[in-house]
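# A look at the structure
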Amino acid sequence: MRLADKVALITGAGSGIGRATALLFAEEGARVVVADYSPEGGAETVKQVKAQGGDATFVQVDVTKAAEVEAMVKTAVGVYGQLNILHSNAGIFPIEGPSYEMEEDMWDRILDTNLKGMWLSCKYAIPELIKGEKSTIVTTASMAGIRGRAYRIAYCSSKGGVVMLTKALAMELAPHGVRVNCICPGGVNTPLIRPEGMTEEEFGAREVPRTPIPRVSDPREQAQAVLFLASPESSYINGQAMMVDGGDWAGTTQGIRRAESR
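Summarised in this report is the structure supplied together with it. (Residues numbered from 1 in each chain as written. Predicted model: local features only at pLDDT ≥ 70, side-chain atom pairs only at ≥ 80, totals over all residues. Heavy atoms only, no water.)

As enumerated under the stated definition, the model contains seven salt bridges in all. One salt bridge connects Arg-2 with Glu-28, and the closest N-O pair in it is separated by 3.2 Å. One end of the pair, Arg-2, is in the segment before β1 (7–11); the other, Glu-28, is in the loop between α1 (16–27) and β2 (31–36), and 26 residues separate them in sequence. Via salt bridges that share partners, Arg-2, Glu-28 and Glu-233 belong to a single interconnected network. (Salt bridge = Lys/Arg side-chain N within 4 Å of Asp/Glu carboxyl O. Helix = DSSP H or I, 4+ residues; strand = E, 2+ residues; numbered from the N terminus.)

Looking now at the packing of α1 against helix α2 (residues 39–51). Viewed as axis vectors pointing N to C, α1 and α2 meet at an angle of 25 degrees, and their least axial separation amounts to 10 Å. Judged by the inter-axis angle, α1 sits roughly parallel to α2. Along this stretch, α1 crosses α2, giving a crossing that reads as right-handed. For the pair formed by α1 and α2, the contact residues are Arg-19, Ala-22, Leu-23 and Ala-26 on the first element and Gly-41, Glu-44, Thr-45, Gln-48 and Val-49 on the second. Split into classes, the residues belonging to the contact of α1 with α2 amount to four nonpolar, three polar and two charged. (Axes fitted to C-alpha atoms, helices over the stretch in contact; angles between N-to-C directions. Parallel < 35°, antiparallel > 145°, perpendicular 65-115°, else oblique. Left-handed = near helix turned anticlockwise from the far one by under 90°. Contact = heavy atoms within 4.5 Å. Nonpolar A, V, L, I, M, F, W, Y, C, P; charged D, E, K, R; others polar.)

Another point: the environment of Glu-44. Looking at the secondary structure, you find Glu-44 in helix α2. Glu-44 sits in the partly exposed class, given a relative accessible area of 29%. Separated by 14 residues in the primary sequence, Glu-44 and Phe-58 have C-alpha atoms spaced 9.6 Å apart. (Buried < 20%, exposed > 50% of the residue type's maximum accessible area, 1.4 Å probe, protein only.)

Where like charges cluster on the molecular surface, the negative patch consists of Glu-103, Glu-104, Asp-105, Asp-108 and Asp-112. Relative to the elements of secondary structure, Asp-108 occurs in helix α4 (residues 104–131). Exposure remark for Asp-108: the relative accessible area of 34% places this residue in the partly exposed category. (Patch = residues over 30% accessible without salt bridge, like charges linked within 9 Å, V, L, I, M, F, W, Y side chains within 5 Å. Areas by Shrake-Rupley, 256 points an atom, 1.4 Å probe, with all protein chains shown as cover. Lys, Arg positive; Asp, Glu negative; His and termini not counted. Charge placed at Lys NZ, Arg CZ, Asp CG, Glu CD.)

On to the packing of α1 against helix α7 (residues 219–230), then. Contact pair α1 / α7: the axes reach a minimum separation of 8 Å and the direction vectors enclose 55 degrees. Judged by the angle between their axes, α1 and α7 are oblique. The hand of the α1/α7 crossing is right-handed. Here Gly-16, Ile-17, Ala-20, Thr-21, Leu-24, Phe-25 and Glu-27 of α1 lie close against α7, whose contacting residues are Pro-219, Arg-220, Gln-222, Ala-223, Gln-224, Val-226, Leu-227 and Ala-230. By residue class, the composition of the contact of α1 with α7 is nine nonpolar, four polar and two charged.

The next subject is the pairing of β2. With five of six residues buried, β2 is to be regarded as a mostly interior element. With α1 bridging β1 and the parallel β2, this β-α-β connection has right-handed handedness. Crossover handedness for the path β2 to α2 to strand β3 (residues 55–60): right-handed. (Right-handed = clockwise from strand over helix to strand, strands pointing away.)

This is how it looks when you write it as structure tokens:
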């Protein structure tokens with residue numbers, strides 16, 4: 001098992017990529033701290049981990065609140081005695097619209113959750129991670145943190161910040177033996193990304209035309225990338241933003257589509 005004897009703290013683990021990562025980490029031998037704003041979602045993740053024979057503990061947290069994040073880390077160490085992996089994953093993806101129409105509280109909510117929440121999670125986890133050997137941090141950024149997207153100015157700004165937070169921390173923590181990387185998902189079939197009222201099939205069909213691998217990602221595929229970056233298999237990878245996007249960032253399928261339409 002790649003994560004045997006490791007303790008992993010995962011924020012946003014009540015659904016989507018976070019839940020898939022919790023399940024996969026547990027399969028690989030980690031004891032998992034499931035942190036989420038939703039007690040229902042967090043409890044369900046813990047239930048699924050335990051059903052497959054894993055060990056998990058739920059902590060309710062609002063990652064924008066320093067006191068709650070500090071308590072989250074203390075709980076993780078209090079329950080399991082150590083902390084080896086942080087998957088800082090919690091985030092939101094609300095509808096924004098034109099930048100000049102955005103209200104200030106919307107900007108603040110997105111940046112506080114997606115960027116400040118990442119920083120706070122790292123801030124309180126780092127002292128515990130440094131105590132261990134070969135500890136790792138994996139953050140969840142986005143394709144939107146690398147490439148601009150219309151009507152998503154706050155989200156793009158927050159995820160671009162996550163990419164640079166990752167790189168800066170990688171430089172800072174390397175002397176302490178802590179590696180820091182991030183994943184940049186493309187389209188992922190999760191409730192967070194899928195528009196309200198749209199079925200999984202409709203969402204997948206919408207995303208296919210622009211993706212070289214013609215489908216959206218399953219959350220477990222993102223979790224597998226997180227596992228790689230958190231495991232000894234990536235021991236010489238640090239400060240990287242890994243695209244997990246079906247080839248979307250590599251180029252365009254426009255030429256193929258034109259040829260097929262002839």
